[in-house]
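# Understanding the architecture of this molecule
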Amino acid sequence: MQVPPDSVTSPWRSTRPWRSTQRSYFYLSTTALLCLVVAVAIILVLVVQKKDSTPKTTEKVPLKGDII
């Protein structure tokens, strides 16, 4: 059985045009950048909440064993 080499498709060679590959890389990089921005925003929100969660008292409360 003779098969011409042009008719055999290789799994390593893309049959799609280069433009669609560029578009895929653009979508992938845009999605990755968006996820990174969302992750940084979540971390900042958690840090601000943790920082503001400590109660601030204006009056001095003596510790146990302190003499005023």
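Calculation notes
- Residues numbered from 1 in each chain as written.
- Predicted model: local features only at pLDDT ≥ 70, side-chain atom pairs only at ≥ 80, totals over all residues.
- Heavy atoms only, no water.
- Helix = DSSP H or I, 4+ residues; strand = E, 2+ residues; numbered from the N terminus.
- Buried < 20%, exposed > 50% of the residue type's maximum accessible area, 1.4 Å probe, protein only.
- Areas by Shrake-Rupley, 256 points an atom, 1.4 Å probe, with all protein chains shown as cover.
- Patch = residues over 30% accessible without salt bridge, like charges linked within 9 Å, V, L, I, M, F, W, Y side chains within 5 Å.
- Salt bridge = Lys/Arg side-chain N within 4 Å of Asp/Glu carboxyl O.
- UniProt positions renumbered as here; feature names shortened; annotations may be inferred.
- Phe/Tyr/Trp six-rings, centres within 6.5 Å; stacked < 30°, edge-to-face > 60°.

Helix and strand counts for the chain come out as one helix and zero strands. The buried share of the chain, taken over its 68 residues, is 1%. For the chain, the computed accessible surface area is about 7,400 Å², with 66% contributed by carbon and sulfur atoms.

What follows is about a nonpolar patch on the surface. The grouping of Leu33, Leu36, Val37, Val40 and Leu44 at the surface amounts to a nonpolar patch, some 480 Å² of accessible area in total. Examined against the element boundaries, Val40 turns out to sit in helix α1 (residues 18–52).

Before going further, it helps to examine the UniProt feature "transmembrane region" (unreviewed entry) in the chain. Following the UniProt record, the feature "transmembrane region" (unreviewed entry) maps to residues 25–48 here. Between the end C-alpha atoms of residues 25–48 there is a gap of 35 Å, over a span that is 100% helix and 0% strand.

What follows is about the packing of aromatic side chains. The relative placement of two aromatic rings is captured by the distance of their centres and the angle of their planes. For the structure on display, the rule yields one aromatic pair. Judged by centre distance (5.8 Å) and plane angle (55°), the rings of Phe26 and Tyr27 are tilted.

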